[in-house]
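Structure assessment
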Amino acid sequence: MTTSSATWLLARTHGRMLRHKLRFGMRENRLLSVTVGAFLGLYSLAAYLLVGRGLDFMMKLPLIGPLLTERLVFLLFFFFFVMLVISNATITGMSLFRRKDMEWQIALPLPPRSLVLWKTLEGMLLASWGLLLLTTPILLALAQTYKADAKFMLVVLPAVLALVTIAANVSTWLLIALVLWAKRWMWKPLLAVVVLLLIRTLPIWHSSVESLNSGDLSASLNQILRHTEICMHPLLPSSWVAETIQAAGRGTFERTMFFNLVLLANALMSILITTRIASAFYYPAWNRIMSAAPGVVGKAKAPQARARRGRLSHWLRRILALDRASYALLVKEVRTFLREPVQWGQSSIIFGLLLIYSMNLRKLGYDLQSPFWITIVSHLNLLVCCLALSTLTTRFIYPQFSLEGQRLWILGLSPLPLHRVLALKLRLSASVLALVMVTLVVVSGISLGLSGQRILFFSASILMLSYGLTSLALSLGALVPNFRESNPARIVSGFGGTVCLIASFVYIVGGMVLLLIPSWQNLRQDALAMVGSNGKIELAALAGLAVLTVAFGGIPYFFAKRQTKNLEYLRHL
């Protein structure tokens with residue numbers, strides 16, 4: 001069987017499975033389908049209007065408007081390309097090396113390169129549909145800004161599809177190389193290099209901030225352009241997509257076709273390279289994963305380690321007031337998190353970026369002596385933290401119950417009932433996330449020079465939002481479980497994950513509106529002095545947020561807890 005025929009066989013089989021799932025979902029969850037469709041339509045309309053207005057404002061800037069718009073397009077698709085490589089590597093890695101069905105699929109009379117090629121295409125579909133949904137209104141807004149005709153989308157969409165294909169194949173190359181040649185000792189030098197690079201960039205960052213705050217327009221523009229030169233490298237596929245958009249906007253058909261053909265040729269070449277790499281290196285990489293085992297040194301040190309852990313666990317149990325069964329479940333959750341590089345890696349990246357951002361809020365170049373900008377930046381900072389938190393809860397908290405899989409009956413036979421398991425998962429996840437988010441909000445408040453009362457107000461807000469978002473994601477995951485799927489990306493991509501994302505977004509928007517009420521008087525650009533915060537209004541806003549938290553977090557948790565008390569819950573296994 002040839003590679004193309006085997007890949008087509010796998011694609012046809014999974015396509016039929018997907019059609020059956022879609023038909024079943026449309027037939028059994030019509031209200032849910034209509035809700036999801038309506039939300040996606042509203043999002044597309046809002047994104048188109050907001051991005052269009054922003055681009056029109058930027059294009060009307062004298063002298064620098066077109067230049068900044070062009071650089072923004074390059075920067076946007078550069079980050080899209082990086083995000084695609086990371087997300088595809090995550091999803092494809094789970095499919096190629098972590099799923100149980102690969103143990104029998106690799107034993108089938110199919111060439112390994114066809115399995116790798118199909119898993120790459122499958123990961124591309126799972127990782128890119130959200131990006132395509134995000135990109136479409138942006139491309140329409142760009143077409144409106146450039147005053148392009150209907151041909152704009154016809155020539156730009158193939159370029160975006162080629163970019164998605166290249167990113168998926170590049171992620172597979174990096175993934176196989178990492179699995180095949182990575183050693184444990186490499187992580188420490190790599191971490192040291194990353195820390196040194198971050199420290200090395202601090203003086204450059206400070207000098208650029210001084211230039212931005214100096215009031216010299218040419219120096220500020222030069223700093224912005226110099227720090228974004230990397231996204232315009234001529235060998236980057238994202239640069240080719242940006243060039244296609246620029247050429248299509250100007251009506252240069254020959255240049256548009258040239259970059260489309262360049263992207264098409266590289267996309268096809270990347271598929272060919274993936275088949276060659278899979279033929280030579282996939283089976284050794286898979287064999288290395290399957291044959292991994294702990295060393296003898298670790299076994300020799302096990303008794304001492306167990307003794308130390310015994311004393312530590314005793315003190316932790318006393319501090320947390322937990323019995324042995326509850327403490328054992330929490331230890332299991334912590335070990336599961338530490339053994340998943342996907343979870344702690346992405347969480348570290350997001351929280352690290354938020355920490356750097358929070359520590360540098362005063363260096364954004366805005367007049368933070370103005371009450372208007374202080375209010376805007378502080379509330380936008382809270383919004384960014386909430387959106388990042390909702391991303392993590394939807395991605396990692398929602399599939400927790402489903403990832404227990406068919407082993408959930410073991411927890412059902414343990415001394416802990418399932419509703420107690422649900423409560424402990426909520427207690428652990430929400431407490432850790434709340435602690436991290438409160439720390440970020442306090443750091444950003446100190447960086448902005450807010451008063452102690454305002455910092456306490458924002459800390460209480462993010463505390464409730466952390467528990468609300470975690471409870472919402474965990475409860476929906478328990479109410480709509482998918483025990484037959486082991487890939488968390490597929491679980492999140494289902495109807496339940498989409499509802500969780502929509503509900504989190506509505507909850508965040510409602511909470512931000514309530515929290516903005518005490519600072520409403522400062523949103524006048526002609527305000528000369530900061531209007532003092534009224535403690536009663538702030539308490540009323542926090543009380544409203546508490547009611548909203550109960551509605552979005554408490555009510556789903558109540559139904560999830562009642563459902564897990566019923567033994568019929570295990571019939572889904």
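Residues numbered from 1 in each chain as written. Predicted model: local features only at pLDDT ≥ 70, side-chain atom pairs only at ≥ 80, totals over all residues. Heavy atoms only, no water.

1. Topic: the overall build of the protein chain
The number of helices and strands found in the protein chain is 22 helices and 0 strands. Taking all contacts inside the protein chain whose residues are at least 6 apart in sequence as the whole, residues at least 24 apart take part in 81%. Total accessible area on the protein chain is roughly 31,300 Å²; 70% of this is exposed by carbon and sulfur atoms. (Helix = DSSP H or I, 4+ residues; strand = E, 2+ residues; numbered from the N terminus. Contact = heavy atoms within 4.5 Å. Areas by Shrake-Rupley, 256 points an atom, 1.4 Å probe, with all protein chains shown as cover.)

2. Describing the packing of helix 5 (residues 112–146) against helix 9 (residues 237–250)
For the pair helix 5 and helix 9, interaxial distance at closest approach is 9 Å and the crossing angle is 40°. As far as their axial angle goes, helix 9 and helix 5 are oblique. With respect to the hand of their crossing, helix 5 and helix 9 are arranged in right-handed fashion. In this structure, helix 5 contributes Leu 139, Leu 142 and Tyr 146 to the contact, and helix 9 contributes Ile 245, Gln 246 and Gly 249. (Axes fitted to C-alpha atoms, helices over the stretch in contact; angles between N-to-C directions. Parallel < 35°, antiparallel > 145°, perpendicular 65-115°, else oblique. Left-handed = near helix turned anticlockwise from the far one by under 90°.)

3. Observations concerning the packing of aromatic side chains
Overall, the coordinates contain 8 aromatic pairs when judged by the stated rule. Taken together, a centroid distance of 5.6 Å and an interplanar angle of 65° make the contact between Trp 181 and Phe 281 edge-to-face. Here Phe 281 lies in helix 10 (residues 253–290) and Trp 181 lies in helix 6 (residues 151–181), a separation of 100 residues in the sequence. Plain terms: the ring middles of Phe 558 and Phe 559 are 5.5 Å apart, the flat faces sit at 75° to each other, and that makes the pair edge-to-face. (Phe/Tyr/Trp six-rings, centres within 6.5 Å; stacked < 30°, edge-to-face > 60°.)

4. What to know about the environment of Trp 118
Within the secondary structure layout, Trp 118 lies in helix 5. For the pair Trp 118 and Leu 9, spaced 109 residues apart in the sequence, the C-alpha separation amounts to 9.7 Å. Excluding its chain neighbours within four sequence positions, the residues that come into contact with Trp 118 are Thr 7, Leu 10, Ala 11 and His 14.

5. Considering unusual backbone geometry
For Lys 147, which is not glycine, the phi torsion reads 55° and is therefore positive. Structurally, Lys 147 can be placed in the loop between helix 5 and helix 6. Among the residues examined, Lys 147 registers a relative accessible area of 74% and is labelled exposed. (Buried < 20%, exposed > 50% of the residue type's maximum accessible area, 1.4 Å probe, protein only.)

6. Side note on the environment of Gly 65
Turning to its location among the elements, Gly 65 is positioned in helix 3 (residues 65–98). With 10 residues separating them in the primary sequence, Gly 65 and Leu 55 have C-alpha atoms 9.1 Å apart. Residues within four places of Gly 65 in sequence aside, it is in contact with Met 58 and Met 59.

7. Quick notes on the confidence of the model for the protein chain
For the protein chain, per-residue confidence averages 79 on the pLDDT scale, and 83% of positions sit at 70 or higher. The element-level mean pLDDT for the protein chain is lowest in helix 11 (residues 296–300), coming to 42, with helix 19 (residues 452–479) highest at 91. Scored below 50 in pLDDT, residues 203–215 makes 13 contacts in the model with residues more than four places away or belonging to other chains. For residues 293–307, every residue scores under 50 in pLDDT, and the model assigns this stretch 1 contact once sequence neighbours within four places are set aside. (pLDDT = per-residue confidence, 0-100.)

8. Observations concerning a nonpolar patch on the surface
The grouping of Phe 253, Met 257, Leu 261, Leu 264 and Leu 268 at the surface amounts to a nonpolar patch, some 500 Å² of accessible area in total. Its place among the elements puts Leu 268 in helix 10. (Patch = residues over 30% accessible without salt bridge, like charges linked within 9 Å, V, L, I, M, F, W, Y side chains within 5 Å. Salt bridge = Lys/Arg side-chain N within 4 Å of Asp/Glu carboxyl O.)

9. What about the side chain of Asn 88?
Relative to the helices and strands, Asn 88 resides in helix 3. A relative accessible area of 0% places Asn 88 in the buried class. Within polar-contact distance, the side chain of Asn 88 engages the backbone oxygen of Leu 84 at 2.7 Å. Sequence-distant contacts of Asn 88, that is, excluding residues within four places in its chain, are made with Gly 93, Gly 123, Met 124, Ala 127, Ala 168 and Ser 171. (Polar contact = N/O pair within 3.5 Å; in protein donor to acceptor, adjacent residues only side chain to side chain.)

10. A look at the state of the cysteines
A full pass over the atoms with the stated rule returns 0 disulfides. Free cysteine: Cys 385, not disulfide-bonded; nearest cysteine sulfur from Cys 386 at 6.9 Å. (Disulfide = S-S within 2.5 Å.)

11. Thoughts on the pattern of salt bridges
Tallying each qualifying case throughout the model produces 5 salt bridges. Where Glu 122 meets Lys 119, a salt bridge forms, and the shortest distance between an N and an O atom there is 3.8 Å. Separated by 3 residues within a single helix, Glu 122 and Lys 119 lie in helix 5, roughly one turn from each other. With relative accessibility at 7%, the residue Glu 122 sits in the buried group. Salt-bridge contacts for Lys 332 lead to Glu 333; the nearest nitrogen and oxygen are separated by 3.2 Å.

12. A few points about the nonpolar core
Core analysis: the largest hydrophobic core is formed by 40 residues, its most contacted members being Phe 77, Leu 139, Leu 142, Phe 152, Val 156 and Ile 245. Counting residues per element, the ones that place at least two in this core are helix 3, helix 5, helix 6, helix 9 and helix 10. Of all the elements, helix 6 adds the most residues to this core, at 13 residues. If near-sequence neighbours (up to four positions away) are discounted, Phe 77 is found in contact with Thr 135, Leu 139, Val 160, Leu 163, Ser 238, Val 241 and Ile 245. Judged by nonpolar contacts, the second largest core, of 32 residues, contains Leu 354, Cys 386, Val 441 and Leu 542. (Core = buried A, V, L, I, M, F, W, Y, C linked by side-chain atoms within 4.5 Å.)

13. Digging into the side chain of Glu 333
Here Glu 333 lies in helix 13 (residues 324–338). Non-local contacts of Glu 333, meaning those with residues more than four positions away in its chain, are made with Gln 400, Glu 404, Lys 425 and Leu 428.

14. Observations concerning the packing of helix 18 (residues 418–448) against helix 19
For the pair helix 18 and helix 19, interaxial distance at closest approach is 8 Å and the crossing angle is 150°. The angle between helix 18 and helix 19 places the two elements in the roughly antiparallel class. Crossing of helix 18 over helix 19 shows right-handed handedness. Partitioning the contact of helix 18 with helix 19 into residue classes produces 17 nonpolar, 7 polar and 1 charged. (Nonpolar A, V, L, I, M, F, W, Y, C, P; charged D, E, K, R; others polar.)

15. Focus on helix 10
Between its first and last C-alpha atoms helix 10 spans 52 Å; for 38 residues at 1.5 Å apiece the expected length is 56 Å, and the two agree. At Phe 281, helix 10 is bent by approximately 50°, the largest bend along its length, and proline Pro 284 sits one to four residues beyond. (Expected span 1.5 Å × (residues − 1). Bend = angle between axes of the 7 residues up to and from the residue.)

16. As for the environment of Tyr 48
Here Tyr 48 is to be found in helix 2 (residues 30–59). What makes Tyr 48 partly exposed here is its relative accessible area of 26%. Sequence spacing of Tyr 48 and Leu 134 is 86 residues, and the spatial spacing of their C-alpha atoms is 9.9 Å.

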